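# Structure assessment
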Amino acid sequence: MNTVRILAVDDHEMTALGYKYILEDSDFTDFNVKVEIATNFEKGKTKIENSKRAVPYEIILLDIQLFSPESKDPRTGIDLGIIARAEVPKSKVVFMSSYSDNYRINNIFKMVNPDGYMVKSEIDEMSLKAMVETIVNESPYYTASALSAIRRRMSTDIVIDEQDQKILYHLSQGIHTRDIAPLIGSANTTVEARKRQLKALFDVKNGNDLALINEAKTRGFL
């Protein structure tokens, strides 16, 4: 039988080992599964780059947060996804993350365009097996929350640029307008002007920032 080679990158070793044991013990009709694990960014990067010179992985599973919150290292699984797309374009990339908000999911699709996205709280033995079977058959795989985020964003004809998206995100995190300007490299007056444009775009009449945030969430932008 053919062997499907999978790389699982997660800074929590028990999580990566869980994927390995579940998938290697699962019964697949036409193939077996072999899972390698990497528990940090550098190990994952090395395995991806080495696979280019040997046999590329069929599937690469990536966590997003690969460093502790206290770490100042900004690199994430998204960066590994970008590397994988460049170095081993035939490998399928699937994100396995606790993040389920529309902003993060749609940002990942914009930057990496992965072949799948699984929210960790929705992962079980059956969904892991279904993900591998689906990806091997050249179809994308998403758990329910990820699929909902994608559908909500696709259902609107509103288009905003990256700066507007950042403003919405920071507002949703409770950051005041005056503090957003330096975060996005703009003047306070620019942020205020963009907020007014966003409220008009989302048809928020006489509403405060909370009304804007709620409408952006409804339309799948947060």
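Not measured: the values here are computed from a predicted model. (Residues numbered from 1 in each chain as written. Predicted model: local features only at pLDDT ≥ 70, side-chain atom pairs only at ≥ 80, totals over all residues. Heavy atoms only, no water.)

Moving on, we get to the domain arrangement of the protein. Along its sequence, the protein is organised into domain 1 (2-154) and domain 2 (162-219). Look at where the C-alpha atoms of domain 1 and domain 2 centre, and you get two points 32 Å apart. Interface of domain 1 and domain 2: buried area, both sides summed, is about 560 Å²; carbon and sulfur atoms make up 41% of it. Between domain 1 and domain 2 we count zero salt bridges in total. (Domains from an automatic or database assignment. Buried area = accessible area lost by both parts, 1.4 Å probe. Salt bridge = Lys/Arg side-chain N within 4 Å of Asp/Glu carboxyl O.)

Averaged over every residue, the pLDDT of the protein is 89; the share at 70 or more is 96%. Per-element averaging of pLDDT across the protein places helix H6 (residues 144-154) at the bottom with 78 and strand S3 (residues 59-62) at the top with 98. (pLDDT = per-residue confidence, 0-100. Helix = DSSP H or I, 4+ residues; strand = E, 2+ residues; numbered from the N terminus.)

To continue, consider the UniProt feature "modified residue: 4-aspartylphosphate" (unreviewed entry) in the protein. Per the UniProt annotation, the sites labelled "modified residue: 4-aspartylphosphate" (unreviewed entry) are Asp63. Relative to the elements of secondary structure, Asp63 occurs in the loop between S3 and helix H3 (77-87). Residue class for Asp63 comes out buried when judged on its relative accessible area of 5%. Apart from the residues lying within four places of it in its own chain, the contact partners of Asp63 are Val9, Asp10, Asp11, Gly77, Met96, Ser97 and Lys120. (UniProt positions renumbered as here; feature names shortened; annotations may be inferred. Buried < 20%, exposed > 50% of the residue type's maximum accessible area, 1.4 Å probe, protein only. Contact = heavy atoms within 4.5 Å.)

Right, let's get into the pairing of strand S2 (residues 31-38). Bridging between strand S1 (residues 2-9) and S2 involves eight bridges; their strand directions are parallel. What sits directly across from Thr3, in S2, is Asn32. (Pairing = 2+ DSSP bridges.)

The full count for this structure, using the stated rule, is 16 salt bridges. Of the charged contacts, one joins Glu162 and Lys166 as a salt bridge, the two residues approaching to 3.6 Å between their closest N and O atoms. In this pair, Glu162 and Lys166 are both assigned in helix H7 (residues 162-172), four residues apart and thus about one turn of the helix distant. Given the relative accessible area of 47%, Glu162 is considered partly exposed. Among the residues examined, Lys166 registers a relative accessible area of 28% and is labelled partly exposed.

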